[in-house]
Amino acid sequence: MNTTIRIKLSTMMFINFFIWGIWFVTMGTYLTKGIIAATGAQTGLAYGTQCLGAIIAPFIVGMIADKFFSAQKILGVLHIIGSVLLYLLSTKSTFDSFYTLLLFYMILFMPTLALVNSISMNQMTNAEKEFAKVRVWGTLGWIASGLVIGAMAWESTPDRLNITFYVSAIVSLLFGVFCFFLPNTPPPKAGQKVSIAETLGLDALNVLKDKNYLVFFIASILICIPLAFYYGQANQFLNEIGLESAAAKMTIGQMSETVFLFLMPLFFVRFGIKQMLLIGMLAWVVRYLLFAYGDVGQNIWMIYLGIALHGICYDFFFVTGQIYTDQKAGASIRSSAQGLITLATYGVGMYIGFYVAGQIVDQNSAGEGIHNWNNVWIFPCLFAAGIALLFFIFFKEKQKIAANN
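Everything numeric here is computed off the predicted structure, so don't read it as measured data. (Residues numbered from 1 in each chain as written. Predicted model: local features only at pLDDT ≥ 70, side-chain atom pairs only at ≥ 80, totals over all residues. Heavy atoms only, no water.)

Digging into the overall build of the protein
Defined as follows: By definition, any uninterrupted DSSP run of H or I lasting at least four residues is a helix, any uninterrupted run of E lasting at least two residues is a strand, and each is numbered from the N terminus. For the exposure calls, accessible area comes from a 1.4 Å probe over protein chains only, and a residue counts as buried if that area is under 20% of its type's maximum, exposed if over 50%, partly exposed in between. Any pair of residues with heavy atoms lying within 4.5 Å of one another is described as a contacting pair. The accessible surface values rely on the Shrake-Rupley method and a 1.4 Å probe; as for residues, cover is taken only from the protein chains in view.
The helix and strand tally for the protein stands at 16 helices and zero strands. Burial analysis of the protein (405 residues in total) assigns 60% to the buried set. Summarising the internal contacts of the protein: among those between residues at least 6 apart in sequence, 85% fall at separations of at least 24. Split by element, the accessible area of the protein, about 15,300 Å² in all, is 67% carbon and sulfur.

If you want it as structure tokens, here you go:
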């Protein structure tokens, strides 16, 4: 892969995740503390829109990107339309109107996560070695979004957080145009006779015939239930316990993710698939324990360490899972398979998780703006521990991924 292509792919990753991170992290605070005044359950529903989008994503990606149109063109169109919806979101003052627009936006945005992976891997001869170096720029984009929010002090006045949707709308529009200049990623099955199952992207289900991949797929769904607690509640939790510039400090997690992404090729050589995935799961257990007993006083180190564990939580399970999926699927159903794992992680599992998290937060309310966060975090901690144990028992694939020079 030449330097020009690497720069384009890295820029693509950076902006795609910046567009998401600039509003997503603080949405819980915006909804509950701002003019909309949403409940915990409503906040869970709002975050759950990403899951509904992820459930629909495999059909969009499988039906279009693998069969009819180039992936980079689809990516551009999705972001241009999405920019309009992001602007409209910034103008809404009731939960129902906000939720409806957000749902439509996330149906458009979630397929982009699979598309940027497919566009990148299509240019690579050795995804195990090259993908992390490109994917890390997505993490840097997320970090940049948090630092912008912190620098502008938008969290100090939650009503001002609607600005994050303005910013995202402008960047999304410009990025949509940029996408048409990305490396061409033609549909691999263009002009071929395909079945209805292939047209709908259901051919990716063939990867589930592998017993170990099926165990991984189910574990991906289940681990995203406790994972949703972090994405949906962490910013609200940190603001509520009095951590200043919470969104900016949450980027410590993405900084950690960046470090581990650079080290991923070494880990692939050192550890097997099972070890990598299991370490990622256990990191979630430790993170939630730290959140349950941490505070902004003497135990603030527990809060910071819990945030910093994001590098292990995300990279060891999700990045490893994306590469594992690419290996099992092969080139012919690459986009469909990436869409399928997006459905499992950001779709079904997180949708259940956001719903459960919203209910548990409401159950542990101790008054307006006050919650028993110890009880909130213990639930996903124990849940993640149970999943890790089941994965350890049933997943048998232990071989290492070779990182070729």
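Focus on the packing of aromatic side chains
The criterion, for reference: Pairing of aromatic rings covers Phe, Tyr and Trp, the last counted by its six-membered ring, and requires centre-to-centre distances within 6.5 Å; plane angles under 30 degrees mean stacked, over 60 mean edge-to-face, and any other angle means tilted.
Inspection of the entire model under this criterion finds 42 aromatic pairs. Measuring from ring centre to ring centre gives 5.5 Å for Tyr213 and Tyr324, while their planes differ by 35°; the resulting arrangement is tilted. In this pair, Tyr213 sits in helix α10 (residues 211-240) while Tyr324 sits in helix α14 (residues 310-329), placing the two residues 111 residues apart along the sequence. For Tyr324, a relative accessible area of 1% corresponds to the buried category. Centroid distance Phe237 to Trp377: 5.3 Å. Interplanar angle 75°. Geometry classified as edge-to-face. One end of the pair, Phe237, is in helix α10; the other, Trp377, is in helix α16 (residues 373-394), with 140 residues separating them in the sequence. Here Phe237 falls in the buried class, since its relative accessible area comes to 2%.

Overview of the side chain of Arg287
Put simply, the test is: For the purpose of charge, His is not counted, nor are the chain termini; Lys and Arg are scored as positive and Asp and Glu as negative. By definition, a salt bridge exists where a carboxyl oxygen of Asp or Glu is found within 4 Å of a side-chain nitrogen of Lys or Arg.
Relative to the assigned elements, Arg287 resides in helix α12 (residues 273-293). Nearest to the buried, unbridged Arg287 among oppositely charged side chains is Glu257, at 8.2 Å. Once residues lying within four places of it in the same chain are set aside, the contact partners of Arg287 are Tyr230, Gly306, Ile307, Leu309, His310 and Cys313.

What to know about unusual backbone geometry
The residue Ala153 is not glycine, and still its phi comes out positive at about 55°. Relative to the helices and strands, Ala153 is located in the loop between α7 (127-152) and α8 (163-179). According to the relative accessible area criterion, Ala153 is partly exposed, its value standing at 37%. Unlike most non-glycine residues, Ser245 shows phi in positive territory, near 50°. Along the chain, Ser245 falls in the loop between α10 and α11 (246-270).

Section: the state of the cysteines
Each disulfide consists of a covalent bond between the sulfur atoms of two cysteine residues. Note the following rule: Cysteine sulfur atoms that come within 2.5 Å of each other are treated as a disulfide pair.
Here the structure, examined in full by the defined rule, presents zero disulfides. Unpaired in this structure, Cys224 has its nearest cysteine sulfur neighbour in Cys51, at a distance of 8.4 Å.

With respect to the pattern of salt bridges
Applying the stated criterion to the full structure yields two salt bridges. Note that Glu240 is salt-bridged to Lys33, the shortest N-O span being 3.8 Å. Taken together, the positions of Glu240 in helix α10 and Lys33 in helix α2 (residues 27-33) put the pair 207 residues apart, joining distant regions of the chain.

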